[in-house]
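Given next are the chains, with one letter for each unit.
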Amino acid sequence: MKFLCVECDRQMAFSERQVPGDGTLAATFKCPKCGRVVAMLTNPMETQLVSSLGVEIGGRTVPAEPFEMVRANVVTGGPAWSADAQERLERVPTFVRGMVKKIYGDYAREITPAVMDTARAELGLEGM
Ligand SMILES: [Zn+2]
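Only a predicted model underlies this, so the values are computations on that prediction, with no experimental measurement involved. (Residues numbered from 1 in each chain as written. Predicted model: local features only at pLDDT ≥ 70, side-chain atom pairs only at ≥ 80, totals over all residues. Heavy atoms only, no water.)

(A) A look at the overall build of the chain. Helices and strands together make up the secondary structure of the chain, namely five helices and nine strands. For the chain, the N- to C-terminal ordering of α and β elements is β-β-β-β-β-α-β-β-α-β-α-α-β-α. A separation threshold of at least 6 residues defines the contact pool for the chain, and within that pool the share at least 24 residues apart is 38%. When the accessible surface of the chain is totalled, it reaches about 8100 Å², and 55% of it is carbon and sulfur. (Helix = DSSP H or I, 4+ residues; strand = E, 2+ residues; numbered from the N terminus. Contact = heavy atoms within 4.5 Å. Areas by Shrake-Rupley, 256 points an atom, 1.4 Å probe, with all protein chains shown as cover.)

Following this line, the structure appears as structure tokens:
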């Protein structure tokens, strides 16, 4: 993955990378000529995609940790639920549980309570 400064036609140099730990990834690249900075931000799903492609960002590969769960997905064909996320899902009334499970499964491939919170806020699923 490379970024070009269109103005200068120069390849931007990697300058900073952050992995906040929630599955998102932020990286900034700087034009060595004019100093313009661009930032790349990926959501958990995109981060996993980048990880699974083995893309190197800033000379280091994205941590392999979330990737283990992706591998599990390939085997089971479904999203990976962490134990505590599963426990939380079990508190959802039976008649809507299947639907709720699907919504979260469509939202992310790796579901943790943190992901559930984000999904709830983003999709307006208060109380699920
Ligand atoms: Zn430039």
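After that view, the rundown keeps rolling.
(B) Main features of the coordination of the zinc ion. Taken together, the protein ligands of the zinc ion are Cys5 (SG), Cys8 (SG), Cys31 (SG) and Cys34 (SG), with distances of 2.3 Å. Considering all four donor atoms around the zinc ion, angles at the metal cover 105 to 114 degrees and the coordination shape is tetrahedral. Mapping the donors of the zinc ion onto the primary sequence yields the spacing C-x2-C-x22-C-x2-C. Taken as a pair, Cys5 in strand 1 (residues 4-5) and Cys31 in the loop between strand 4 (25-30) and strand 5 (37-42) lie far apart in primary sequence, 26 residues in all. (Donors = N, O, S within 2.8 Å, 3.2 Å for Na, K, Ca; no water. Tetrahedral: all angles 85-135°; square planar, octahedral: opposite > 155°, others 65-115°.)

(C) Structural detail: the pattern of salt bridges. The final tally for this structure, using the stated rule, is three salt bridges. A salt bridge links Arg36 to Glu7; the nearest nitrogen and oxygen atoms lie 3.4 Å apart. Remark: Glu7 occurs in the loop between strand 1 and strand 2 (10-11) and Arg36 occurs in the loop between strand 4 and strand 5; sequence separation between them is 29 residues. The exposure class of Glu7 is exposed, given its relative accessible area of 63%. Linking Asp117 and Arg88 is a salt bridge whose minimum nitrogen-to-oxygen distance equals 2.7 Å. Placement of the pair is Asp117 in helix 5 (residues 113-123) and Arg88 in helix 3 (residues 83-89), with a sequence separation of 29 residues. (Salt bridge = Lys/Arg side-chain N within 4 Å of Asp/Glu carboxyl O. Buried < 20%, exposed > 50% of the residue type's maximum accessible area, 1.4 Å probe, protein only.)

(D) Fine view of the pairing of strand 5. Bridge count for strand 4 against strand 5 is six bridges, and the pairing is antiparallel. Across the sheet, the residue bridging to Lys30 is Val37, located in strand 5. If you look at the hairpin formed by strand 4 and strand 5, you'll find six residues sitting between the two strands, and Gly35 has a positive phi there, around 85 degrees. (Pairing = 2+ DSSP bridges.)

(E) Structural view of the environment of Phe29. Relative to the assigned elements, Phe29 resides in strand 4. For the pair Phe29 and Met12, spaced 17 residues apart in the sequence, the C-alpha separation amounts to 5.6 Å.

(F) Layout of the packing of aromatic side chains. Per the counting criterion, the structure on display carries three aromatic pairs. Ring geometry for Phe3 against Phe29: centres 4.6 Å apart, planes inclined by 40 degrees, an arrangement best described as tilted. On the criterion of sequence distance, the pair formed by Phe3 in the segment before strand 1 and Phe29 in strand 4 is long-range, its members being 26 residues apart. Residue Phe29 is classed as buried on the basis of its relative accessible area, which comes to 6%. One aromatic cluster is present, built from ring pairs that chain together Phe3, Phe14 and Phe29. (Phe/Tyr/Trp six-rings, centres within 6.5 Å; stacked < 30°, edge-to-face > 60°.)

(G) Just the sheet that holds strand 4, in detail. Judged by pairing direction, the sheet is antiparallel, and its three strands sit side by side in the order 3-4-5 without closing on themselves. Edge positions in the sheet fall to strand 3 (13-18) and strand 5, since each of these pairs with one other strand and no more. With strand direction ignored, the average angle separating the axes of adjacent strands in the sheet is 20 degrees. Note that strand 3 and strand 4 share five bridges and pair antiparallel. Looking across to strand 4, one finds that Gln18 is bridged to Ala26. (Axes fitted to C-alpha atoms, helices over the stretch in contact; angles between N-to-C directions.)

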